[in-house]
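# Reading the structure
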Amino acid sequence: MHDEIPVVEIVNNWVCDTFADTYRSPVIAARIEQVLNALQPDVVHVHNLLNLSFDLPAMARSRGIPVVATLHDYTLVCPSGGQRLHRAEGYVCHEIDTARCARCFRESPFYTQAALGPAAGAVARSGVLRRAVGGVRRWSPGLLQAAAGVARRASRFSLTEHDVAERQASARRVFEQVNLFVAPSPSIAAEFIRLGVDTSRIRVSDYGFRRLSTVARDTPGPRLRIGFVGTLVWHKGAHVLLDAVRRLPAEAYELSLYGDVNVFPDYVADLRRQAEGLPVRFMGGFAADDAARVYAQMDVLVVPSLWLENSPLVIHEAFMAGVPVVGARMGGIADLVSDGRNGRLYEATSAGELAAVLQAVVDTRSVLSDWARALPPVKSIEDDADAWEAIYRELCPIPRQSHGRRSYSSAR
């Protein structure tokens with residue numbers, strides 16, 4: 001139970017004999033079937049099919065249950081996590097290239113999961129093995145990584161360009177089985193239309209947010225206070241930001257990086273080396289209740305993402321806190337930041353252009369006040385809930401259940 005709402009959790013241990021099992025696992029499909037039969041929902045709301053099954057929408061539709069899906073990312077068409085970014089080659093996948101996808105997946109943590117899946121099942125069944133793995137994690141994480149490498153090399157798990165093409169065909173069938181896709185940004189809506197979703201099956205509706213608590217903003221000092229908020233992972237582009245600020249006079253700014261330093265420690269170690277000698281602080285993560293306090297200490301938020309962002313949550317938070325944004329011209333960032341009106345945009349891979357934008361702000365700090373006055377309103381969580389209730393009623397005007405109460409199933 002979560003806040004008096006019953007929740008069913010299914011754990012996918014990635015016991016995969018084939019690539020198809022990573023997105024259409026027969027075991028997971030059987031569990032989903034049990035849940036649908038038990039709940040008999042009026043509407044199924046899919047937030048993500050990663051770790052579930054591409055068969056879920058068809059299974060719901062076969063029972064006469066309408067399906068709505070929120071497009072949070074590109075996991076339907078990107079098997080390596082949904083960012084449409086080939087990390088090893090530093091390539092943004094504006095087009096879906098199945099040969100590149102096959103290479104990228106073999107280099108991703110998902111391939112390791114699939115290779116280790118059968119062993120995971122054994123660990124789950126054995127208390128002795130579980131305690132042994134826990135000890136290895138605590139005392140020798142390098143040994144665990146080495147074991148993962150051995151498992152990948154020894155795995156019988158194969159992957160070809162044809163396998164990825166089959167996955168894309170399965171994704172297109174999902175497009176047909178979902179009654180309505182809701183896109184939080186015009187950018188991701190346009191991308192999925194280009195990828196094959198019928199325009200009649202998709203509409204744009206941004207996320208809703210709880211209002212930030214009221215916190216007095218810190219008085220700006222002599223240095224420009226630059227903030228970064230997000231996961232410290234390569235595709236979020238913190239390294240591009242560090243490359244940019246290195247080109248500014250050290251006495252002109254201070255940079256605070258907010259993000260858990262333990263999630264991707266190798267990348268963070270690279271960032272720390274890159275930041276040596278600069279006025280840069282690694283602040284760690286923060287609780288949601290502290291968001292207002294964090295943004296109150298910034299003059300400007302930089303969103304240097306390298307992937308096709310959807311509708312970044314941090315931009316909405318910054319707007320609610322009255323903080324202008326400088327962002328990469330990628331995906332939904334450009335839907336929120338109006339270049340020159342309420343912030344600035346720059347070419348995502350160009351640290352030089354970002355440095356020039358920040359230097360201009362250092363030189364003319366008054367522009368921040370002009371941008372702040374032009375920040376757009378942010379949809380409230382209450383308005384968003386009302387919008388979703390209307391969508392559910394549109395898809396299912398008459399409840400299926402005899403007692404008249406509506407039952408919604410949310411899959412994420």
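This text goes with the structure placed above it.
Calculation notes
- Residues numbered from 1 in each chain as written.
- Predicted model: local features only at pLDDT ≥ 70, side-chain atom pairs only at ≥ 80, totals over all residues.
- Heavy atoms only, no water.
- Helix = DSSP H or I, 4+ residues; strand = E, 2+ residues; numbered from the N terminus.
- Contact = heavy atoms within 4.5 Å.
- Areas by Shrake-Rupley, 256 points an atom, 1.4 Å probe, with all protein chains shown as cover.
- Buried < 20%, exposed > 50% of the residue type's maximum accessible area, 1.4 Å probe, protein only.
- Polar contact = N/O pair within 3.5 Å; in protein donor to acceptor, adjacent residues only side chain to side chain.
- Salt bridge = Lys/Arg side-chain N within 4 Å of Asp/Glu carboxyl O.
- Pairing = 2+ DSSP bridges.
- Right-handed = clockwise from strand over helix to strand, strands pointing away.
- Phe/Tyr/Trp six-rings, centres within 6.5 Å; stacked < 30°, edge-to-face > 60°.
- Axes fitted to C-alpha atoms, helices over the stretch in contact; angles between N-to-C directions.
- Parallel < 35°, antiparallel > 145°, perpendicular 65-115°, else oblique.
- Nonpolar A, V, L, I, M, F, W, Y, C, P; charged D, E, K, R; others polar.

Attention now goes to the overall build of the protein chain. Scanning the protein chain from terminus to terminus reveals 16 helices and 13 strands. At a minimum sequence separation of 6, the contacts of the protein chain that also span at least 24 residues come to 71%. For the protein chain, the exposed surface amounts to about 20200 Å²; the carbon and sulfur share of it is 52%.

Quick look at helix α3 (residues 98-106) now. Counting along an α-helix, one turn takes 3.6 residues, and residues three or four places apart therefore face a common direction. Along α3, the residues classified as buried are T98, R100, C101, A102, C104 and F105. At the N-terminal end of α3, a side-chain oxygen is found 3.1 Å from the backbone nitrogen of A99, two or three residues along, and the residue is D97.

Our focus in this paragraph is the pattern of salt bridges. For the coordinates displayed, the defined rule picks out 20 salt bridges. Among the ionic pairs, K379 bridges to D384, the shortest N-O distance being 3.5 Å.

The phi torsion at W14 lies on the positive side, around 55°, for a residue other than glycine. Along the polypeptide, W14 turns up in the segment before α1 (26-39). Even without glycine at this site, Q40 takes up a positive phi of about 45°.

This part takes up helix α9 (residues 238-245). Counting buried positions along α9 gives seven out of eight residues, so the element sits mostly inside the fold. Looking at the buried positions of α9, the neighbouring elements they touch are β7 (224-229), β8 (253-258), α10 (265-275), β9 (280-284), β10 (300-303) and α14 (351-363).

Looking now at the side chain of R225. Tracing the chain through its elements places R225 in strand β7. For R225, the contacting residues outside a window of four places in its chain are R217, D218, T219, P220, E254, A296, Q297, M298, D299 and V300.

Burial along strand β11 (residues 325-328) is two-sided: the face carrying V325 and G327 and the face carrying V326 and A328 are both buried. Two elements, β10 and β11, share three bridges in a ladder whose sense is parallel. Each residue of the ladder has a partner; that of V303, found in β11, is G327. A crossover links β10 with its parallel partner β11, the connecting element being helix α12 (residues 313-320), and its sense is right-handed. The sheet contact formed by β11 and strand β12 (residues 343-346) spans four bridges and is parallel. Bridged to V325 within β12 is G343.

Now for the packing of aromatic side chains. Counting across every chain of the model gives 10 aromatic pairs. Ring centres of F19 and F105 lie 5.1 Å apart, and the angle between their planes is 80°; on these two criteria the pair is classed as edge-to-face. Pair noted here: F19 is in the segment before α1 and F105 is in helix α3, with a separation of 86 residues, a long-range link. The residues F19 and F105 share a single accessibility class, namely buried. Arranged with centres 6.2 Å apart and planes meeting at 85°, the rings of F105 and Y111 form a pair that is edge-to-face. Relative accessible area serves as the criterion here: at 1%, F105 is assigned to the buried category. For Y111, a relative accessible area of 9% translates into the label buried.

Another point: the sheet that holds β11. Strands sit in the order β9-β8-β7-β10-β11-β12 across an open sheet of six strands; the sheet is parallel. The strands lining the two open edges of the sheet, one partner per strand, are β9 and β12. Sheet twist, expressed as the average angle between the axes of neighbouring strands with direction ignored, equals 20°. Here α9 sits on the sheet and contacts β7, β8, β9 and β10; the angle it forms with β8, its principal contact strand, is near 170°.

So, on to the environment of W371. Topologically, W371 is positioned in helix α15 (residues 367-373). Remark: the alpha-carbon pair of W371 and R341, spanning 30 residues in sequence, is separated by 5.8 Å. Dropping the residues within four chain positions of it, W371 is found in contact with P324, V326, G340, R341, N342, G343, R344 and V361.

This next bit is on the packing of α9 against α10. Here α9 crosses α10 at 5°, and the two axes come no closer than 10 Å. As far as their axial angle goes, α10 and α9 are roughly parallel. Residues A238, H239, L242 and D243 of α9 lie in contact with α10, whose contacting residues are Y267, L271, Q274 and A275. Its residues assigned to classes, the contact of α9 with α10 comprises five nonpolar, two polar and one charged.

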